[in-house]
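Observations on the three-dimensional arrangement
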Amino acid sequence: MENSGLGAKLFQVCNYTFLGLITLLTLFPFWDSLIVSITPISESMQSSVHLFPKTVTFEAYEYILGMKQLWSSYGVSIFVTVVGTILSMIVTTLAAYVLSKNYLPGGRAIMFLIVFTMMFSGGIIPTYLVVKQLGMMNTVWALMMPLMVQTYNLIIMRSFMASVPESLEEAARIDGCGDFRILVRVVLPLSLPAIATISLFYAVAKWNEFFTAVMYITDKDVWPLQLFMRAMLIDNEAVYQSGGDSPFLLGQSIKMASIMVSTIPVMLIYPFFQRYFVQGATLGAVKE
């Protein structure tokens, strides 16, 4: 008994030590980016490892936050993230609820076709032509409609809803509820962990969406945040390498400040979804 107790304590110590090291390795790139973003370029170039700043400056943030285009792009990204996530969740939830029913005629065939899209897609050019023919070029809808539903998220939501006991739905039907009312009153309240998890997946994906914006957006007024950051970094890097005039030779400072500006909003939202995220990611794959 003593040996088993000692072994359990030793395992906990090793486990916590290992997880602590993994945590430090995961957080260090973020910490390094934060330190470089508030460190003068002359100081940050002296070392490749930055633990603590000797001199603190917010010139990079002043330069970035003083650009009007930044706030316009922020507005586009916020709109796409909020509205796009809502639309994606509505479609995903309705589809998952229907596909979770074993009595759905042709349900397996429909699910096979949906899963098939994870291995084969229509391709970039056909998708581009569809978006162009629908008149969505240079609009925020081009950033939401083509990627409205992700197959992986749909599968998680379907698996979660399939685990809801059928007896609850049968009791609701006896009380006179229809399918839509059962979904709203019974299934959705029980699926909050999965809904929070999938919402976070969609929100992060739409906030970080870059490739779609490169293909469909050329108007600067419709640039999302990621596309604006890309253009700003390319312009700054060109000025820096050519030795031309610049407000200051920002170098790595503005790059890291850009990373922080685009990352902090997601990091502020994540803690509110954390407990649902862990529970939903775990239970979403459990079937009874």
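Note that the coordinates shown come from a computational prediction; the quantities given were computed from them, not determined experimentally.

This part is about the overall build of the protein. If you tally the helices and strands in the protein, you get 13 helices and zero strands. What you see in the protein, going N to C, is helices and strands ordered as α-α-α-α-α-α-α-α-α-α-α-α-α. Residues counted as buried form 35% of the 288 residues belonging to the protein. For the protein, the exposed surface amounts to about 17600 Å²; the carbon and sulfur share of it is 68%.

This part takes up the environment of Met-256. Tracing the sequence through the fold places Met-256 in helix α13 (residues 252–283). Its relative accessible area of 13% is what places Met-256 among the buried residues. Residues Met-256 and Ile-35, 221 residues apart in the sequence, show an inter-C-alpha distance of 8.6 Å. Contacts of Met-256, omitting those with residues within four sequence positions, involve Ser-33, Val-36 and Ser-37.

With that settled, the discussion passes to helix α7 (residues 151–162). Taking 1.5 Å of rise per residue, the twelve residues of α7 would be expected to cover 16 Å, and the 16 Å separating its terminal C-alpha atoms lies within 8% of that figure. Looking at α7, one finds that the buried residues are Thr-151, Asn-153, Leu-154, Ile-156, Met-157, Ser-159, Phe-160 and Met-161.

A few words now on the side chain of Asn-153. Note on placement: Asn-153 falls in helix α7. Residues contacting Asn-153, with those up to four places away along its chain left out, are Thr-92, Ile-198, Phe-201 and Tyr-202.

Our focus in this paragraph is the packing of helix α4 (residues 68–99) against α7. Look at α4 against α7: their axes get within 8 Å of each other, and the N-to-C directions meet at 50 degrees. Between α4 and α7, the interaxial angle falls into the category oblique. Where α4 crosses over α7, the two elements pack in a sense that is right-handed. Counting all contacts with α4, which are made through Met-89, Thr-92, Thr-93, Ala-95, Ala-96, Tyr-97 and Leu-99, the residues of α7 involved are Asn-153, Leu-154, Met-157, Arg-158 and Met-161. For the contact of α4 with α7, the per-class residue count stands at eight nonpolar, three polar and one charged.

Another aspect to go through is the environment of Val-56. By the secondary structure assignment, Val-56 is in the loop between α2 (41–44) and α3 (59–65). For Val-56, a relative accessible area of 48% corresponds to the partly exposed category. Sequence-wise, Val-56 and Pro-40 are 16 residues apart; in three dimensions their C-alpha atoms are separated by 7.2 Å.

Attention shifts here to the environment of Leu-168. Relative to the elements of secondary structure, Leu-168 occurs in helix α8 (residues 166–174). Sequence separation of Leu-168 and Ile-182 is 14 residues, and the distance between their C-alpha atoms is 9.0 Å. Beyond its immediate chain neighbours, meaning those up to four positions away, Leu-168 contacts Val-186 and Leu-190.

With that settled, consider unusual backbone geometry. Phi at Asn-138 takes a positive value of approximately 60 degrees, unusual for a residue other than glycine. Relative to the assigned elements, Asn-138 resides in the loop between α6 (124–133) and α7. We classify Asn-138 as partly exposed; its relative accessible area is 28%.

The next point concerns the pattern of salt bridges. Counted according to the given criterion, the structure contains two salt bridges. Measuring nitrogen to oxygen at the nearest pair gives 2.4 Å for the salt bridge that ties Lys-101 to Glu-169. In this pair, Lys-101 sits in the loop between α4 and α5 (107–116) while Glu-169 sits in helix α8, placing the two residues 68 residues apart along the sequence. We note a salt bridge from Asp-179 to Arg-173, for which the minimum N-O separation is 2.5 Å.

With that settled, consider the nonpolar core. Ranked by size, the top nonpolar core spans 26 residues in total, and within it Ile-64, Leu-70, Ile-217, Leu-225, Phe-228, Met-229 and Val-261 carry the most contacts. Put simply, the parts of the chain that give this core at least two residues each are α3, α4, α12 (225–242) and α13. Here this core takes six residues from α12, the largest share from any one element. Beyond its immediate chain neighbours, meaning those up to four positions away, Leu-225 contacts Leu-70, Ser-73, Tyr-74, Ser-77, Trp-207 and Ser-262. Within the second largest apolar cluster, 21 residues are counted, among which are Tyr-97, Leu-183, Val-186 and Ile-195.

So, how was this worked out
- Residues numbered from 1 in each chain as written.
- Predicted model: local features only at pLDDT ≥ 70, side-chain atom pairs only at ≥ 80, totals over all residues.
- Heavy atoms only, no water.
- Helix = DSSP H or I, 4+ residues; strand = E, 2+ residues; numbered from the N terminus.
- Buried < 20%, exposed > 50% of the residue type's maximum accessible area, 1.4 Å probe, protein only.
- Areas by Shrake-Rupley, 256 points an atom, 1.4 Å probe, with all protein chains shown as cover.
- Contact = heavy atoms within 4.5 Å.
- Expected span 1.5 Å × (residues − 1).
- Axes fitted to C-alpha atoms, helices over the stretch in contact; angles between N-to-C directions.
- Parallel < 35°, antiparallel > 145°, perpendicular 65-115°, else oblique.
- Left-handed = near helix turned anticlockwise from the far one by under 90°.
- Nonpolar A, V, L, I, M, F, W, Y, C, P; charged D, E, K, R; others polar.
- Salt bridge = Lys/Arg side-chain N within 4 Å of Asp/Glu carboxyl O.
- Core = buried A, V, L, I, M, F, W, Y, C linked by side-chain atoms within 4.5 Å.

Distances and angles like these do not, on their own, reveal function.
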